[in-house]
Number of protein chains: 4
Amino acid sequence: MAGSSIGTIFRITTWGESHGKAIGVVIDGCPAGLSLSESDIQPYLDRRKPGQSKFSTPRKEDDEIEILSGVFEGKTTGTPISMLLYNTSQHSKDYSEIASYYRPGHADFTFDAKYGFRDYRGGGRSSGRETAARVAAGAVAIKILEQLGISVNAYTRSIGDICINPDNFNIEEINNNMLYMPDADAANEAGKLIETVSLDKDSIGGSIECVIHNVPIGIGDPVFEKLDANLAKAIMSIGAVKGVEIGDGIKVSTKKGSENNDAFCLDENKAVTKKTNHAGGILGGISDGSDIIVRAAFKATPSIFKEQDTVNKHGEEISIAIKGRHDPVIVPRAVVVVEAMTAITLVDALLLNMAANMDNIKKFYK
Amino acid sequence: MAGSSIGTIFRITTWGESHGKAIGVVIDGCPAGLSLSESDIQPYLDRRKPGQSKFSTPRKEDDEIEILSGVFEGKTTGTPISMLLYNTSQHSKDYSEIASYYRPGHADFTFDAKYGFRDYRGGGRSSGRETAARVAAGAVAIKILEQLGISVNAYTRSIGDICINPDNFNIEEINNNMLYMPDADAANEAGKLIETVSLDKDSIGGSIECVIHNVPIGIGDPVFEKLDANLAKAIMSIGAVKGVEIGDGIKVSTKKGSENNDAFCLDENKAVTKKTNHAGGILGGISDGSDIIVRAAFKATPSIFKEQDTVNKHGEEISIAIKGRHDPVIVPRAVVVVEAMTAITLVDALLLNMAANMDNIKKFYK
Amino acid sequence: MAGSSIGTIFRITTWGESHGKAIGVVIDGCPAGLSLSESDIQPYLDRRKPGQSKFSTPRKEDDEIEILSGVFEGKTTGTPISMLLYNTSQHSKDYSEIASYYRPGHADFTFDAKYGFRDYRGGGRSSGRETAARVAAGAVAIKILEQLGISVNAYTRSIGDICINPDNFNIEEINNNMLYMPDADAANEAGKLIETVSLDKDSIGGSIECVIHNVPIGIGDPVFEKLDANLAKAIMSIGAVKGVEIGDGIKVSTKKGSENNDAFCLDENKAVTKKTNHAGGILGGISDGSDIIVRAAFKATPSIFKEQDTVNKHGEEISIAIKGRHDPVIVPRAVVVVEAMTAITLVDALLLNMAANMDNIKKFYK
Amino acid sequence: MAGSSIGTIFRITTWGESHGKAIGVVIDGCPAGLSLSESDIQPYLDRRKPGQSKFSTPRKEDDEIEILSGVFEGKTTGTPISMLLYNTSQHSKDYSEIASYYRPGHADFTFDAKYGFRDYRGGGRSSGRETAARVAAGAVAIKILEQLGISVNAYTRSIGDICINPDNFNIEEINNNMLYMPDADAANEAGKLIETVSLDKDSIGGSIECVIHNVPIGIGDPVFEKLDANLAKAIMSIGAVKGVEIGDGIKVSTKKGSENNDAFCLDENKAVTKKTNHAGGILGGISDGSDIIVRAAFKATPSIFKEQDTVNKHGEEISIAIKGRHDPVIVPRAVVVVEAMTAITLVDALLLNMAANMDNIKKFYK
């Protein structure tokens, strides 16, 4: 079934395997008249690129994005924007062995069961490399949001047990450390943890938080197309995510109504606002004007060098140790992916909202 | 925008406001030949019904479901199944006051901002009553799953800080207590907690867990239509949910790869299975044959009798105490809603999976 | 599969069988703030109602539409509008015989083949009665169009060989004759033809034309969501339609470019317009500001009283003569259905167009 | 809005402009396990290629298709198949003049009105070149159909007033003449007509017929997703099409029920079949086992060398004569496009049909 598209008006379709010729994305429904060139997109891909630091896989790719359509004389035309990245640095032989068995924590087994066989090279379609295409589309979405004064900021919130300290929170710090943590001390500690884990041929999980600032009130739709429901889908669709939270998230289950309700009040301009933001900027599936806060829990990289038990295609129980190039932690490189999926979801909701009431429609077509 | 539908092949559309004439659901794409009558659906609605216990609102409704189409001589015909519940027990005057202000934690403010006005009676479209329509559709989905040998079981996992004890877990117990907890002791303690909270004019949150047993391997699609992504959307679309987890969920962020990976092994029939199930039955967005485990965190009922600060429509800061009939905890009545949304999501994925490979298609059309 | 919905933002879902309890429609995505009551819709249903004239089936139904949701204090709220019509005048026994065989020209055989059985009463889901639900939704769409100054007018263009004479065209005449023809003479002749055909226990085909006036320029999207492509789908989805034309339609196949091209020119206000309108108001799938012209060819009612050959469910060749109440011509009652489907398609395209370019989006969210 | 995708399970997304870097298509939802390589696709593109004959534009392109993803070891993997064609032969300067005015019969004016500007080179996104991407996707659909024993054959039915003679119909002849007509005499006459028209700096319209043989009974869904409704959309979405017919098409409007109804009978194997096929293989939107017959009316190429009146961007009425390379007739090159769109529509309907009834679902998952 057609599973590689997301969005209604602003709709992206990704394609490509880790070790195929290329990967790419088509954005259909991007509004016309947005200034756009490869240089708007490349910086986002660079943030996701492997080989950036000692904490990420040594596979180096140029990952140079190419725009093939939908842009004319520097502006989007309203027609599909097709972008691709050629795969230039595959070491396919690294993966020849894994063709024969199922790596624990990976989709090898389920792909084989569903499709009868799989492109086993580097994880094929279920490789993290697919997210580069999401990031390229996300860069376009972020550019649209910027035009509307909306900013999206994701960062690493925790690695293993090391969590950022709210008192140390410094948004400027995010790009100062290789882990994209807004807390220098936490980043330092987390770095040490990753080294320890790496030496032990193991990997470690973590979490990412994303904050969207200045969202207009009224974005999102009731019932099934709630903004938080679509964010949950978009974020959970990222490979290693096993939990998604909005605002106070899981913690709300232990709170009382009087603790969790955000009282409404008036700001200095007499506009309605909230005294607190436990809700994470969404009420009834619709943005309330406060910051939207989304969190994602990532599992540890399933590819570890430690010995593991598994089964091969001949139905034998075997013991394996995965080789190749693998990050000991997925989280830092996934920060920009979370940002991208959040922006893509929000842009679509913003465009859909324009037709929500007759007054606006009449004004538009008068 | 059209936000009240979910699903691709098995697609439901709910409609109706808390205090309108009726609420209902249309299921389009239900396979033909399923035995179906009102008596298959009513028991699920009864589980959600208010006035069942001292822990739920005293509003009593008969909530008698009526099937208006799509069933002929006791079997579904493949055409849309339209079902409705008339609203018979509304006390609209209870809500007349709230027309003038925004209840904290509710969608009053965001609906007004989006649409210019709202049906304020009982929360209108954003009322929990809308979930009765989901439950009716869910009952049909569950019946389809039963035909395929798949069972879905949701239960209350925690209320406030009171969580079920895995050592006491007893699935038979779920329907023995009014809180739908599979642990009699926890249910007892949680009951006391709710009473305390109620006396204090407050409310409390909790969490629900849902386990799907016997799902075929291979269900779900890569990338954006991952089974876990669609479950996340379906569950997050339930009013008070602020967090969704699959398998070990949030906890994976603190675990190592060697702890979190589930080793593959062979079962007594030499079929591939997993030694553990941290993944919650889904790998790469596709079911792996183990139990699928989903968890949802619910916030406390935002309607509390305690005094709260808010703003009215005239732009004045005021203090309010909500009146009317409100549950001190949403969770027990939401158990069947989680079950419904899980089943609806899974049925759709099962139907979509039938076209995944040419061998099956050729066999089908030979 | 879910086949009973159409539209992206303005999305309708119809349900119900000819002789079930009721039929109905849910409109999701109707903008908030539109004045709406049953009295806006009933006149459209009355135009489609049987028993209106000697040319239509004597089955009389009150067909009183009921709005169950989505309207509050006389205005749409932006949430789903559910409407239904109870089936009050079914004579199910008229149809008991047809359960056993396949009526030529009907869907009896194909429904049985697809679903294994069918609701045979009155054609079940494939009955023309389903179109009453479309008409109810269409009435809402037409009301939206009126707010934007757009009018939709359908009429009978031909019955058998009797076609309206362009020189006699009088739009006022449409509602003066029972055939909805804008040419009194043609209506008179066509009436005689129908009587002759009826006496011969036969039926006759015809065609309907629909003109949309004052459509803004720029509506519709390139490639697959062209306005004409969506009109073609919407119109071809009406039971007996076998051909759809835009502008000069089929005739263009015999014309030269120099004959068929519409030269651009300036109108009195120096706005761009066209000297002719062979294109029927659509260029490249996008409205060009001229009248949009759609035509549909309807086959004769397949239910005829004449003897016909067919096959029964026991695999025997038999000879039958259909009984019951049947129109000798479908066309007059289908006029309002064509109007409805055209309006529904256009409203959706108008709402989608609002997000087509950044300038408009920035203006909207400034 | 996202207008460049079509299909539900088998879903294609085209992208690219006539004179951009490349054009392409992503097929999502292609079943796994289909043998596929560039050599399966190239022959279809070659049939559409310009410069094939004296009747088509002298622009020569290699149009070599490249598969970038979704195929592994010669078989589709179930993941998106991305294909592209680089644009190698553009003469952009040919089009520099048309940037300043609106060509009659083209989408220049409507694109400008909708998006604020346009990629004017060679028609940009609304160029017929976009159909090459459809043909590539269609080749994959046709290959799937072949595996199921279904054949799709399109051919030129008429050019101007020259129509094939049913008595001369010879399917083998289709590929013997440059006009793809199954009647050598008609092809000969039509060739002369085109030459005359060309000499007169004009162009001419025509029609294409497509016959699908051996479609299983039961394909298509009632109401809005009728097989004929989706065919109508798919065919009408091809640039120059102004009319679509199924079976006897427009002619049914003048026929009686007794003439138009197809009597059911039994074939030599005692299976139900029809004595005639006025319906064109579809009853109630569902295939009935007879040949499916679709016809499309194409307007003449709007680009003619004759002088025409139009308006320029400065709001002046001007007179123009279009230069460059243009076919005097679109039809022959569009034959394979009609075949492609028909096949794409049918494959999607075949895949969706698999989930239509519980018996099949239970058999599948037993």
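Just so we're clear, the structure is a prediction, and the values are computed from it rather than from any experiment.

**Some remarks on the relation of the copies chain A and chain B**
Of the transformation placing chain A onto chain B, the axial shift is 0.0 Å and the rotation is 180 degrees, giving an RMSD of 0.0 Å. Such a combination of turn and shift is consistent with a two-fold rotation axis. Within chain A, lysine 233 of chain A has its C-alpha nearest the rotation axis, a separation of 2.4 Å. In this assembly, 100% of the residues forming the interface of chain A have copies in chain B that are likewise at the interface, indicating an isologous arrangement.

**Examining the interface of chain C and chain D**
Many structure descriptions define interface size as the accessible area lost when the parts assemble. Listed by partner, the interface residues are 101 residues for chain C and 101 residues for chain D. The contact between chain C and chain D buries some 8,200 Å² in all, and 63% of this surface belongs to carbon and sulfur atoms. Where chain C meets chain D, there are six salt bridges. With its nearest N and O atoms 2.8 Å apart, the salt bridge here joins aspartate 309 of chain D to lysine 275 of chain C. In this assembly, chain C and chain D are joined by 45 residue pairs in polar contact (both at pLDDT 80 or more).

**Brief notes about the sheet that holds strand β3 (residues 22–28) of chain C**
Residues and elements named next belong to chain C. Taken in spatial order, the five strands make up an open sheet running β1-β2-β3-β7-β4, and their pairing is antiparallel. On the outer flanks of this sheet lie β1 (5–6) and β4 (66–67), each paired with one strand and no other. In this sheet, β3 lies alongside strand β2 (residues 11–16) in antiparallel orientation, the contact comprising six bridges. Paired with glycine 16 across the bridge in β3 is isoleucine 23.

**Details of the packing of helix α5 (residues 227–236) of chain B against helix α7 (residues 331–353) of chain B**
Residues and elements named next belong to chain B. Closest axis-to-axis distance for the α5/α7 pair is 9 Å, and the angle between their directions is 145 degrees. Crossing of α5 over α7 shows right-handed handedness. Each of Leu227, Asn230, Leu231, Ala234 and Ile235 in α5 lies in contact with α7, whose residues at this interface are Val338, Met341, Thr342, Thr345, Leu346 and Ala349. When the residues that make up the contact of α5 with α7 are grouped by side-chain class, the tally is eight nonpolar, three polar and no charged.

**Considerations on the layout of surface pockets**
Taken as a whole, the largest pocket holds about 560 Å³ of empty space. Lining the largest pocket are 23 residues, with Arg157, Glu209, Glu245, Lys251 and Arg295 of chain D sitting closest to its centre. For the lining of the largest pocket, the secondary-structure elements that each account for two or more residues are β8 (151–159), β10 (206–213) and β16 (292–298) of chain D. Residues that form the lining of the largest pocket fall into these classes: nine nonpolar, seven polar and seven charged. Of the volumes computed, that of the second largest pocket is approximately 460 Å³. What lines the second largest pocket is a set of 18 residues, and nearest its centre among them are Arg157, Glu209, Gly247, Lys251 and Arg295 of chain B. Those elements that place two or more of their residues in the lining of the second largest pocket are β8 (151–159), β10 (206–213) and β16 (292–298) of chain B.

The rules we used
Residues numbered from 1 in each chain as written. Chains lettered and ligands numbered in written order. Predicted model: local features only at pLDDT ≥ 70, side-chain atom pairs only at ≥ 80, totals over all residues. Heavy atoms only, no water. Least-squares fit on C-alpha atoms with pLDDT ≥ 70 in both. Contact = heavy atoms within 4.5 Å. Buried area = accessible area lost by both parts, 1.4 Å probe. Salt bridge = Lys/Arg side-chain N within 4 Å of Asp/Glu carboxyl O. Polar contact = N/O pair within 3.5 Å; in protein donor to acceptor, adjacent residues only side chain to side chain. Pairing = 2+ DSSP bridges. Helix = DSSP H or I, 4+ residues; strand = E, 2+ residues; numbered from the N terminus. Axes fitted to C-alpha atoms, helices over the stretch in contact; angles between N-to-C directions. Left-handed = near helix turned anticlockwise from the far one by under 90°. Nonpolar A, V, L, I, M, F, W, Y, C, P; charged D, E, K, R; others polar. 1 Å grid on protein atoms, 1.4 Å probe; cavity = no way out; pocket = protein on both sides within 12 Å on 5 of 7 lines; lining within 4 Å. Points joined across faces, edges and corners; volume = space filled by probe spheres on them.

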